[in-house]
Amino acid sequence: MSNLTVKNTRALPVLALRGLNIFPGMLLNFDVERPMSIAALNAAMNVDQEIFLVTQRDISVDLPQEKDLYKIGTVCRIRQMVRQPGSKLCKVMVEGLNKGKIDSLLSISPYFIGEIELTPDKAERVDEAKKDALMRTAVGMFDDYVQLAGNMPPEMVLNIVICRDPTFVADYIAHNIRIDYRDKQELLEELHPAKRLEKLIKTLGHELDVMTIEQELNDATNEQLNRNQRDYYLREQMKIIQQELGEDDSYDDIGEYRRKIRELKLNNEIEEKLLKEVSHLAKQPFGSTEATVIRGYLDTCLELPWNKKTEEINDIELARRMLDEDHFGLEKVKERVIEFLAVRQLTPELNGSLLCLVGPPGTGKTSIAMSIARATNRKLVRISLGGVHDEAEIRGHRKTYVGSMPGRIIGGIKQAKSSNPVMVLDEVDKLGSDYRGDPSAALLEALDPEQNKTFRDNFLEVPYDLSDVFFITTANTTDTIPKALLDRMEIIELSSYTDEEKLAISKNYLLPKQRKKHGLKASQLKISDDAIREIVSLYTRESGVRGLERQIGTVCRKTAVAIANGERKSLNLRSGALKPYLGAPKFKPEHLRAKDEVGLVRGLAWTSVGGEVLDVEVCVLDGSGKLELTGNLGDVMKESCHAAVSFIRSRANKLGIDEQFYKTKDIHIHFPEGAVPKDGPSAGVTVCTAIASALTERPVRRDIAMTGEISLRGRVLAIGGLKEKTMAALRSGVNTVIVPSDNEADLDEIDPTVKAALNFVLADNVDKVLEVALLPKDEAVMGEVIMPVKTKNQHSEIRQ
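Rules and cut-offs
- Residues numbered from 1 in each chain as written.
- Predicted model: local features only at pLDDT ≥ 70, side-chain atom pairs only at ≥ 80, totals over all residues.
- Heavy atoms only, no water.
- Helix = DSSP H or I, 4+ residues; strand = E, 2+ residues; numbered from the N terminus.
- Rg over C-alpha atoms; globule rule 2.2 N^0.38 Å.
- Buried < 20%, exposed > 50% of the residue type's maximum accessible area, 1.4 Å probe, protein only.
- Contact = heavy atoms within 4.5 Å.
- Areas by Shrake-Rupley, 256 points an atom, 1.4 Å probe, with all protein chains shown as cover.
- Lys, Arg positive; Asp, Glu negative; His and termini not counted.
- Charge placed at Lys NZ, Arg CZ, Asp CG, Glu CD.
- Axes fitted to C-alpha atoms, helices over the stretch in contact; angles between N-to-C directions.
- Parallel < 35°, antiparallel > 145°, perpendicular 65-115°, else oblique.
- Left-handed = near helix turned anticlockwise from the far one by under 90°.
- Nonpolar A, V, L, I, M, F, W, Y, C, P; charged D, E, K, R; others polar.

A. Quick look at the overall build of the protein chain. Broken down by element type, the protein chain carries 28 helices and 26 strands. For a compact globule of 800 residues, the expected C-alpha radius of gyration is about 28 Å, and the protein chain comes in at 48 Å, more than 25% above that figure. Projected onto its principal axes, the C-alpha coordinates of the protein chain cover approximately 145 × 95 × 70 Å. Scored against the burial criterion, the 800 residues of the protein chain give a buried share of 47%. Restricting the contact set of the protein chain to residue pairs at least 6 apart, pairs at least 24 apart contribute 73%. By element, 50% of the accessible surface of the protein chain is carried by carbon and sulfur atoms, the whole surface being about 41,500 Å². Charge separation in the protein chain, taken as the distance between the mean sites of 110 positive and 122 negative side-chain charges, equals 4 Å.

Listed below in structure tokens is the structure:
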């Protein structure tokens, strides 16, 4: 007798399901789109409409292989197959017949064909009572599941209530509950009905717990929504009842807003606008977005100091003493503030003023504005305008926008809580503009004394009086300020500090301030006058005193470390002993050149950080009349060089120069420090003198510096920045400065120390400049003057 068992197998098309399972005796509807799946359906339809459906292990695999399929599936009969017109999609309905197992795949292309072995449920020894108990428990839990799901008809439970077959009950419930396909596959692979029911009951228990928690969360959310809706209806009914009874509304927000608006005693236009907004707010439903916007608008308007002003100081001497305590020098600014206070004392109804403090960085523009606020007993508001390029930053945004707010000016008034503060508009020359508007144009109304009485901010939408505000703007230069805005401001220029002024500022202000900041007493740190002068000349090169203050702070820190370590009890710093505290000098002191040289002239230039010495070098070579300009020059300076050459040509005979030099000589004009851009017309006389020196071989006095614009006729025209330029001349060691005659009035503005140390020569034409600056040719030999190269093939200096 043979021991071999004959397997009940048959070859069937195999279709892989993604995320779906089907049990015997159940119907399943699904869509098919993959070509291999459609080919399997077509093959089944052409034979006996039977196909084997098995679930993929990973639903993300688009082209499964044998290893991607579970072994246990269901033999099904295709009940319906509908193809969608113009699409590859097919809708299929199948009915499960029997469980089966893939023994092997006979083919994998164009579709799977498998050798399928039928696997019916196995017989088991279980009491009928236990079977009944398991079925009742499963049916009861399925009934609870249907009720919690909410979208399943109750009739689904009736199909299994009277059923006595545990296999059908387990398959029916497993097929109709929404659980993970892997859990369903585990139930499908269980061949013992009782064990399948036990696993099903465990799975149903977990699902019921999850669904119960979800139901509780949904009930809590709905209860909160119902409560909010109930509160809304009650509030609306309360409003109607109060209106019917005619009760006073002073105790609610609306009444509070109305009371505050009436107490401000505003003019009719503003009061009507605000009361209208309050009425609009009263009509808004509770919690609406519009109500939030209106409340924010009303709160902002009510926080403004509409009729509040600080009492000013009328004691002029006290104000003068306060200004002198805070700042050394700056007499023009102090004088203007005293004038304002004096006129205000005589005419109390005088409107606010507008000053523009222009000067290099570090000269005290912002700090003097703060001192003005203290001297006048006004609140101070500082607004930095550097980099602002949006017009809404000045005028504000419309209140209808999300996150809208007033502009910086109204915001400053709100911050000051006073209608007459000192408002400092810092860095007004650094305003930008782009597609969002021009903020400098928005400032025109705010800074115009004739218009700012009714300044309108976009957020407020009502006029606000800025006429009592003392506006002070600061800038490093007026070149970038629009003319219309500049016309509204009174310009006060703050020039660079002289070395003596820096000495006084250091002794009286900076050193005490830094000692206090670093916890040092006056007896613990003393710096001599010579040491301060050495810091100014060797460690700082600036128009203001910021760098000087930092260097003094460095000395204070080094001293604090030494005292804390017990190395010393005090420090008396003198000249020549700075290196251990400040390191090697950062700048070399400027001295006169050792010799008078041909073609080398010392000019003077103005920069945003003060005056500078600008040397001009000219070299004449044999050539074809080329003019070479180097040193990173701007267009205006290049034109000055061409004008100087043309003037020299017109004076060739008088200067003793070959009239054909412009054809036979190449002239190279160079401005050292080529990485620094240079422009402006004030180097004209300097360039002309250098060219004349190089062509005539006459040396230029090394103790002389000059500045002035040149014309083709040889006139010396006026220039600007004379005070800063003369300070630079004094630092460089020269004793004579040639300036245009038209600048004679500006000599009164020069610091007395500079004026006493320098000899000023006023020149109205270039002839006088050359007469003063050029030495006779004979002195070039006697003084061993260094002359420039005269041939193209030679590259070294020649001593004669």
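B. Seen up close, the packing of helix α17 (residues 499–517) against helix α18 (residues 529–538). As a packed pair, α17 and α18 sit with axes 10 Å apart at the nearest point and diverge in direction by 120 degrees. The angle between α17 and α18 falls in the class oblique. The handedness of the crossing between α17 and α18 is right-handed. Only Asp-529, Ile-532, Arg-533 and Val-536 of α18 make contact with α17, whose side of the interface consists of Asp-499, Glu-500, Lys-502, Leu-503, Ser-506 and Lys-507. Its residues placed into classes, the contact of α17 with α18 shows 3 nonpolar, 1 polar and 6 charged.

C. Inspection of unusual backbone geometry at higher detail. Note the cis peptide between Ser-109 and Pro-110, where omega equals 5 degrees. Along the chain, Pro-110 falls in the loop between β5 (90–107) and β6 (112–118). The backbone phi angle of Glu-427 is positive, close to 55 degrees, even though this residue is not glycine. Relative to the helices and strands, Glu-427 resides in the loop between β9 (422–426) and α15 (439–447). A positive phi is found at Glu-697, a non-glycine position, where the angle reads about 60 degrees. Relative to the helices and strands, Glu-697 is located in the loop between α24 (684–696) and β20 (704–706).

D. Structural view of the environment of Val-754. By the secondary structure assignment, Val-754 is in helix α26 (residues 752–757). As a C-alpha pair, Val-754 and Thr-400 span 354 residues in sequence and 60 Å in three-dimensional space. Residues within four places of Val-754 in sequence aside, it is in contact with Thr-498, Thr-726, Met-727, Leu-730 and Phe-760.

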